[in-house]
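# An overview of the molecular structure
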Amino acid sequence: MTSHYKVNYHLRAHKRDSFIEFIKGLLLTPFVLHSLPAADDSDRDNEEGRAAEADTILARRRTSSADAAKLANAARFREIFANIQTLVDEHRDFEASGIGGHSRLAKMVPAIGSFFTPLPLAAAFTRIDAKHRISARKRVPPSFNDVRRTLNMAQLLAIAPRLQLVTFDGDMTLYDDGKNFEDHSDLALLLVELLRRGIAVAIVTAAGYGTDASKYEGRLAGLLRALAAARLAPEAAARFYVLGGECNYLFGCSPDYRLVSLDEKHQLNPGEETADDAGGLRSWSGVQVMQLLDVAEQELRACIERMAIDARVIRKPRAVGIVPAEQLTREQLDECALSAQEAVLRYQGTPRAQPGSAPIPFCAFNGGSDCWVDIGNKLIGVRIIQNLVQSPADATLHVGDQFLSTGNDLSTRSACCTCWIINPLETRDMLDDLVSLLPK
């Protein structure tokens with residue numbers, strides 16, 4: 001599943017996804033019309049007496065009626081997903097002809113982007129409904145999470161036969177926010193299985209520690225020990241990558257399960273002013289980086305003063321961010337991210353921003369407990385890994401938790417298929433499903 005949405009906080013409700021909201025709206029109508037709570041049978045029971053035989057008959061009728069209603073609800077929801085599946089197929093055909101903006105889906109959801117694979121939504125709903133019993137509910141309509149899980153499952157069903165590369169966010173995807181990859185994690189065993197199946201695995205994270213491999217090894221110690229414990233073959237271990245700072249620091253895995261920097265071979269060294277050899281994806285100068293981060297830092301400091309936030313400003317070679325002393329609200333972090341984003345965009349449109357140079361890609365995002373502005377973004381990061389392993393968009397899957405307007409996973413929707421999860425437990429369940437769908 002992929003869709004690329006323009007970042008515009010003011011023109012849509014906060015924390016909403018327009019495609020998911022569109023699907024929710026379609027599912028709401030049959031729920032309202034047909035999923036009514038059952039009438040109270042107490043009066044009818046009294047009229048027919050309290051004989052045991054009569055009670056048994058009535059109980060059977062109610063059970064039969066409830067089962068029939070559930071099946072009917074499931075059929076209605078499945079039909080809606082089948083119709084959306086048709087809209088997606090039509091949109092893909094229009095895009096292939098260069099007129100994607102004229103599809104029926106694009107007209108109903110103007111912010112819709114590209115779908116790199118078909119989406120078998122009806123089959124996906126059947127699987128999700130069997131697990132979460134959506135069609136059995138009478139008082140709670142299909143939710144954002146119900147639709148998100150269905151889209152995820154549809155993407156897994158579509159991509160499993162051709163999968164070559166899976167990239168992951170770090171915090172809140174593979175481990176809790178600010179924590180490390182733990183030992184004895186079920187996730188580690190599932191990642192090992194992907195590598196053994198010939199699938200490349202990469203962690204594309206905002207965490208930026210320069211080219212210091214030991215710090216990344218510290219965050220991923222449990223996973224690296226799992227690779228060693230599994231005695232993963234060197235050629236399988238070589239399919240594991242880590243890309244830090246969104247897209248700035250690339251590491252591979254050695255035969256002894258240690259991370260080794262691949263920057264000299266595949267990326268720019270900090271401050272170097274020539275294009276790299278990763279498809280020309282990172283061709284900016286040290287001067288440009290410094291100027292952009294100066295603008296972002298100035299705006300972040302202004303946010304701290306304006307909202308009286310107790311926070312430290314941290315400046316790194318390829319990023320600047322704020323780390324609050326106490327947990328901020330999501331709205332405060334969003335304000336910082338959007339303010340910094342606007343300040344940088346305004347700067348890039350002025351003559352001060354290296355006239356004649358292309359604007360530097362950047363990412364201003366709410367990290368959940370902090371806010372950062374990074375040079376580059378995960379779109380570039382995923383494409384760097386795609387180039388390394390020669391994986392096309394329809395064979396690449398990115399898994400992350402930050403797909404809203406202030407999240408740093410959003411940009412990957414322009415590069416590959418995606419699955420939107422909300423925590424490491426959901427990542428584990430998603431990988432369980434994926435492994436079961438892979439060709440034997």
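Just so you know, the residues in each chain are numbered from 1, in the order the chain's sequence is written. With pLDDT at 70 or above as the cut-off, local features in this predicted model cover only qualifying residues; side-chain atom pairs require 80 or more to be listed or tallied, and sums for whole chains, interfaces and linings still use all residues. To get the side-chain values, all heavy atoms of the structure are used, and hydrogens and water are removed first.

## Thoughts on the overall build of the chain
A helix here means a DSSP run of H or I that spans at least four residues, while a strand means a run of E at least two residues long, and both kinds are numbered starting from the N terminus. When helices and strands are counted, the chain shows 15 helices and 11 strands. Counting over 440 residues, the chain shows a buried share of 49%. In this description, contact between two residues means that some pair of their heavy atoms is separated by no more than 4.5 Å. Considering only intrachain contacts with a sequence separation of at least 6, the fraction spanning at least 24 residues in the chain is 68%. Computed by Shrake-Rupley with a 1.4 Å probe, the accessible areas treat only the displayed protein chains as cover when residues are assessed. Carbon and sulfur atoms make up 52% of the accessible area of the chain, which totals about 20100 Å². Only protein chains enter the calculation, and the probe is 1.4 Å; a residue is then buried if its accessible area is under 20% of its type maximum, exposed if over 50%, and partly exposed in between.

## Things to note about the pairing of strand 7 (residues 319-324)
Burial analysis of strand 7 places 5 of its 6 residues in the buried class, the great majority of the element. As paired elements, strand 6 (residues 311-316) and strand 7 share 6 bridges and run antiparallel to each other. If you follow Ala-311 over to strand 7, its bridge partner there is Pro-324. Strands are labelled as partners when DSSP assigns at least two bridges between them. Pairing between strand 7 and strand 9 (residues 371-375): 4 bridges, direction antiparallel. Its bridge partner being in strand 9, Ile-322 is matched across the sheet by Cys-371.

## What to know about a nonpolar patch on the surface
Within the patch definition used here, like charges are joined within 9 Å and nonpolar side chains (Val, Leu, Ile, Met, Phe, Trp, Tyr) within 5 Å, considering only residues with over 30% relative accessible area and no salt bridge. Salt bridge, as used here: a side-chain nitrogen of Lys or Arg that lies within 4 Å of a carboxyl oxygen of Asp or Glu. Together, Leu-28, Val-32 and Leu-33 line one region of the surface with nonpolar side chains, adding up to about 280 Å² of accessible area. You can see Leu-28 is positioned in helix 1 (residues 18-34). In this structure Leu-28 comes out as partly exposed when scored by relative accessible area, which is 39%.

## Considering the sheet that holds strand 6
The strand order across the open sheet formed by 4 strands is 6-7-9-8, and the pairing between neighbours is antiparallel. The two strands at the open ends of the sheet, each matched to only one other strand, are strand 6 and strand 8 (362-366). Taken over all neighbouring pairs, the strand axes of this sheet differ in orientation by 15° on average, direction set aside. Pairing of strand 8 with strand 9 involves 5 bridges; the strand directions are antiparallel. The partner of Phe-365 across the bridge, within strand 9, is Trp-372. Axes here mean lines fitted to C-alpha atoms, for a helix over just the part in contact, with angles spanning 0 to 180 degrees between N-to-C directions.

## Overview of the sheet that holds strand 11 (residues 417-420)
Sheet strands pair by backbone hydrogen bonding; their relative direction is either parallel or antiparallel. Judged by pairing direction, the sheet is mixed, and its 7 strands sit side by side in the order 5-4-3-2-1-10-11 without closing on themselves. The two strands at the open ends of the sheet, each matched to only one other strand, are strand 5 (259-261) and strand 11. The mean angle between the axes of side-by-side strands here comes to 25°, regardless of whether they run parallel or antiparallel. In terms of strand pairing, strand 2 (residues 200-204) meets strand 3 (residues 240-244) through 4 bridges, oriented parallel. From the neighbouring strand, Val-201 faces strand 3, where its bridge partner is Phe-240. Across the sheet, helix 14 (residues 378-389) lies against strand 1 (165-168), strand 2, strand 3, strand 4 (249-253) and strand 10 (396-400), angled at about 150° from strand 3, the strand it touches most.

## What about the nonpolar core?
Core analysis: the biggest nonpolar cluster contains 46 residues, and Leu-194, Leu-227, Phe-240 and Leu-434 have the highest contact counts within it. For this core, the element with the most residues is helix 7 (residues 186-196), which contributes 7 residues. Each residue touching Leu-434, except ones within four places of it in the same chain, is listed here: Leu-156, Ala-160, Leu-163, Val-166, Leu-194 and Leu-397. Side-chain atoms within 4.5 Å are what join buried Ala, Val, Leu, Ile, Met, Phe, Trp, Tyr and Cys residues into a set we call a nonpolar core. Grouped together as the second largest cluster of nonpolar side chains are 37 residues, Val-289, Cys-336, Tyr-347 and Ile-360 included.

## Considering the packing of aromatic side chains
Only Phe, Tyr and Trp rings are paired, with Trp represented by its six-membered ring, and only when their centres lie within 6.5 Å; those with planes under 30 degrees apart are stacked, over 60 edge-to-face, the remainder tilted. Under the definition given, this model contains 8 aromatic pairs. With 5.0 Å between their ring centres and 65° between their planes, Tyr-209 and Tyr-216 make a pair best called edge-to-face. Judged by its relative accessible area of 27%, Tyr-209 is partly exposed. Put simply, the rings of Phe-77, Phe-81 and Phe-125 pair up and form one aromatic cluster.

## Looking at the confidence of the model for the chain
Per-residue confidence for the chain averages 86 on the pLDDT scale, and 83% of its residues sit at or above 70. Note on residues 39-45: pLDDT under 50 across the span, and 4 contacts to partners over four residues away in sequence or across chains. As a per-residue measure, pLDDT reflects the predictor's confidence and takes values from 0 up to 100. Across residues 267-278, confidence stays below pLDDT 50; counting only partners more than four residues off in sequence or on other chains, it has 38 contacts.

## Side note on the pattern of salt bridges
As a working rule, side chains carrying opposite charge can pair if their charged atoms are close by. Taken as a whole and assessed by the stated rule, the structure comprises 21 salt bridges. Note that Lys-24 is salt-bridged to Glu-21, the shortest N-O span being 3.8 Å. Within this pair, Lys-24 and its partner Glu-21 are both found in helix 1, separated by 3 residues, close to a single helical turn. Put simply, Asp-429 and Arg-428 hold a salt bridge, and the shortest N to O gap is 3.2 Å. Here Asp-429 falls in the partly exposed class, since its relative accessible area comes to 27%. When salt bridges with common partners are traced through the structure, they connect Arg-137, Asp-146, Arg-148, Arg-149 and Glu-426 into a single cluster.

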